[in-house]
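Breakdown of the fold
Here is what each chain is made of, one letter per residue.
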Amino acid sequence: MIQRASVTRSLFNLCNHIFLITLSLLCILPVIQVIAVSFSSSSAAAAGLVKLWPVEFSLKSYEFILKKKDFLGSFLISIQRVILGTGISMFLTVTLGYALSKETKDFRMRTVYAWYFVITILFSGGLIPWYLTIKYTHLLDTIWALVIPGAVTVFNVILLLNFFRGLPKELEESSFIDGGSHWITLWKIYLPLSLPAIATVTLFTIVGHWNSWFDGLMLMNSPSHYPLATYLQTAIIQQDFSNMRAEDVKTLSEISDRTTRAAQIFIGALPIMAVYPFLQKYFMTGLVMGSVKE
């Protein structure tokens, strides 16, 4: 009986390893293929010769993107947007999640505010009211137009709300007994225990700001104010030939849409790929371990 259980366990482990390896390859191989295409020549990419290694190695696509004088400016705007947007969004998300995690007896208007935010998930005013609101608050063509309108993501608030509600009530009670206020309880007790949830929401926010291009296209009047995602979308996908120089036209003859789009994907994903390893450890950390002693 024991031997049969051991064989069954070994078979399960083998199948589990095969499944996980296959799943990992399905996630990794497309990324490698995109990188290989971005470093290949236009003729090799157009002919479908590129698999997992560059064919006729070429940096023309990256040269076409990086030599644009607006590229560095748009990159810096995206960095500024991520820093401001993530900071403001996380502050509002954490404070909202903490307040809405309280019971009705402690926060009488909790249900009203909770439904106020939930309704925004179900119903939207539409694109035109969104644009007019930003216009008449004089945010157009400023960095704040990219940061303030989407500062509160209700989905992230709900994530933190549910996490805070799962923390032991004894932690809050002990803080109040020691004379701590809600601010002290939040920043000194709740946040250190919430690093996995905070890291997850932070990553969602960073990715959302970095990859967003539509709001930059709608709210920025000048291309010099475009964030990186919007710049890449307009400079590569909607290639504007009116302002191109002779050398730009020559470069275009040596690249293809496939290689430039692959380069765009790689450049856009590179900062997120650099940030993710620093946040990954929090995903694997236990949420609450040993926080309350019996």
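This structure is a prediction, so every number in the text was calculated from the model and none was measured. (Residues numbered from 1 in each chain as written. Predicted model: local features only at pLDDT ≥ 70, side-chain atom pairs only at ≥ 80, totals over all residues. Heavy atoms only, no water.)

The secondary structure content of the protein chain amounts to 15 helices and 0 strands. Here the analysis covers contacts within the protein chain between residues at least 6 apart in sequence; of these, 71% occur between residues at least 24 apart. Accessible area of the protein chain: about 18,100 Å², with a carbon and sulfur share of 68%. (Helix = DSSP H or I, 4+ residues; strand = E, 2+ residues; numbered from the N terminus. Contact = heavy atoms within 4.5 Å. Areas by Shrake-Rupley, 256 points an atom, 1.4 Å probe, with all protein chains shown as cover.)

Our next topic: the pattern of salt bridges. Following the criterion strictly, the structure yields 5 salt bridges and no others. Notably, a salt bridge pairs Glu63 with Lys60, separated by 3.9 Å at the nearest N-O pair. A residue pair is termed a helical-turn pair when its members lie 3 or 4 positions apart in one helix, as Glu63 and Lys60 do in helix α3 (residues 60-66) at 3 residues. Taking relative accessible area as the criterion, Glu63 reaches 41% and is therefore assigned partly exposed. When its relative accessible area of 29% is taken as the criterion, Lys60 is described as partly exposed. Measuring nitrogen to oxygen at the nearest pair gives 2.5 Å for the salt bridge that ties Lys102 to Glu172. Residue Lys102 is located in the loop between α4 (69-100) and α5 (110-122), and its partner Glu172 is located in helix α9 (residues 169-177); the two are separated by 70 residues in the primary sequence. Both residues of the pair, Lys102 and Glu172, belong to the buried class. (Salt bridge = Lys/Arg side-chain N within 4 Å of Asp/Glu carboxyl O. Buried < 20%, exposed > 50% of the residue type's maximum accessible area, 1.4 Å probe, protein only.)

What follows covers a nonpolar patch on the surface. A surface patch of nonpolar side chains, about 490 Å² in accessible area, is lined by Ile21, Leu25, Ile28, Leu29, Ile32 and Leu52. Looking at the secondary structure, you find Leu25 in helix α1 (residues 2-38). (Patch = residues over 30% accessible without salt bridge, like charges linked within 9 Å, V, L, I, M, F, W, Y side chains within 5 Å.)

Our next topic: unusual backbone geometry. Glycine aside, residues mostly have negative phi, and peptide bonds are mostly found in the trans state. For Glu56, which is not glycine, the phi torsion reads 55° and is therefore positive. Positive phi is not limited to glycine here, since His138 has a value of about 60°. Structurally, His138 is set in the loop between α6 (127-136) and α7 (144-147).

Bringing the side chain of Ser175 into the picture now. Structurally, the position occupied by Ser175 is in helix α9. A residue is classified by how much of its surface remains accessible, and Ser175, at 7% relative accessible area, is buried. Apart from residues no more than four positions distant in its own chain, Ser175 is found in contact with Gly180, Thr185 and Ile189.

Attention now goes to the confidence of the model for the protein chain. As a general rule, the predicted coordinates of low-pLDDT regions are not to be interpreted in detail. Per-chain confidence: the protein chain averages 81 in pLDDT, with 86% of residues scoring 70 or above. When mean pLDDT is compared element by element in the protein chain, α7 scores highest at 94, while helix α14 (residues 246-252) scores lowest at 58. Long-range and interchain partners of residues 286-294, a stretch whose pLDDT sits below 50, account for 11 contacts in this model, where long-range means more than four residues apart. (pLDDT = per-residue confidence, 0-100.)

Here we come to the packing of aromatic side chains. Evaluated as defined, the whole model comprises 15 aromatic pairs. With 5.9 Å between their ring centres and 20° between their planes, Phe107 and Tyr113 make a pair best called stacked. Accessibility expressed as a relative area gives 25% for Phe107, which makes it partly exposed. Taking the centre distance of 6.0 Å and the plane angle of 5° together, the rings of Trp183 and Trp187 count as stacked. Note that Trp183 and Trp187 are positioned in helix α10 (residues 182-193) at a spacing of 4 residues, about one turn of the helix. Through successive ring pairs, a cluster of aromatic residues spans Phe39, Phe57, Tyr62 and Phe266. (Phe/Tyr/Trp six-rings, centres within 6.5 Å; stacked < 30°, edge-to-face > 60°.)

Our focus in this paragraph is the nonpolar core. Inside soluble globular proteins, nonpolar side chains tend to come together where they are buried. Judged by nonpolar contacts, the single largest core of 26 residues is most densely connected at Ile65, Phe71 and Leu228. Looking at this core, the elements with two or more residues in it are α3, α4, α7, α11 (195-211), α13 (228-237) and α15 (257-283). With 4 residues, the top contributor of residues to this core is α15. Counting 13 residues, the second-largest nonpolar core is a separate cluster that includes Val94, Tyr190, Ile198 and Val201. (Core = buried A, V, L, I, M, F, W, Y, C linked by side-chain atoms within 4.5 Å.)

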